[in-house]
Amino acid sequence: MTAAGDGPWLDDAAGRLVRPFTVSNGRTRPTVALDLISQVMATGATPLGYLGPEHELALDLCRAPVSVAEVAAHLKLPAAVTKVLLSDLVDCGALTTKPPEFHHNPTDRALLEAVLDGLRRQL
């Protein structure tokens, strides 16, 4: 078992010892609009106030631009919880966020057909 502050609170036999929504104090809605492919990056500013261990791990993961989905995967937390943690860090100035950039029209018929063809080949 790891000590509090050493990372996610896990036990090899029992799994996560702290429920995911406990990490966000039960909050389920972020204060900043984030989707799974939004990019977040640390600003270098020192956050004021107490940060939990998951906040610190998230901030460490964001030294280079990274997607919300990647942060959630590394933290082993649900995306909803991760979005709340990341929005806390944006609110205190420790993170900056950038909406995803689409170089193609996401509803482009040719692109959607290519994705469908690729999925069909996999099945």
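This text gives an overview of the structure that appears in the document.

Rules of the game
Residues numbered from 1 in each chain as written. Predicted model: local features only at pLDDT ≥ 70, side-chain atom pairs only at ≥ 80, totals over all residues. Heavy atoms only, no water. Pairing = 2+ DSSP bridges. Helix = DSSP H or I, 4+ residues; strand = E, 2+ residues; numbered from the N terminus. Core = buried A, V, L, I, M, F, W, Y, C linked by side-chain atoms within 4.5 Å. Buried < 20%, exposed > 50% of the residue type's maximum accessible area, 1.4 Å probe, protein only. Contact = heavy atoms within 4.5 Å. Axes fitted to C-alpha atoms, helices over the stretch in contact; angles between N-to-C directions. Parallel < 35°, antiparallel > 145°, perpendicular 65-115°, else oblique. Left-handed = near helix turned anticlockwise from the far one by under 90°. Nonpolar A, V, L, I, M, F, W, Y, C, P; charged D, E, K, R; others polar.

Brief notes about the sheet that holds strand β3 (residues 39-42)
A sheet is described by the order of its strands in space; here three strands give the open sequence β4-β3-β5, paired in antiparallel fashion. Because the sheet does not close on itself, it has two edges, and the strands there are β4 (66-67) and β5 (95-98).

With respect to the nonpolar core
Counting 19 residues, the largest nonpolar core has V40, C62, V71, L86, L89 and L95 as its most contacted members. Among the elements that take part in this core, helix α4 (residues 79-91) stands out by supplying five residues, more than any other. With sequence-adjacent residues up to four places away left out, C62 is seen in contact with V40, M41, A42, V71, L86 and L95.

Observations regarding the packing of helix α2 (residues 53-61) against helix α3 (residues 68-75)
Packing of α2 against α3 leaves a shortest axis separation of 10 Å and a crossing angle of 130°. One way to sum up the angle between α2 and α3 is to call them oblique. Regarding α2 and α3, the two cross each other, and that crossing is right-handed. Contacts between α2 and α3 involve E54, L57, A58 and L61 from the former and V71, H74 and L75 from the latter. Of the residues that constitute the contact of α2 with α3, the class distribution is five nonpolar, one polar and one charged.

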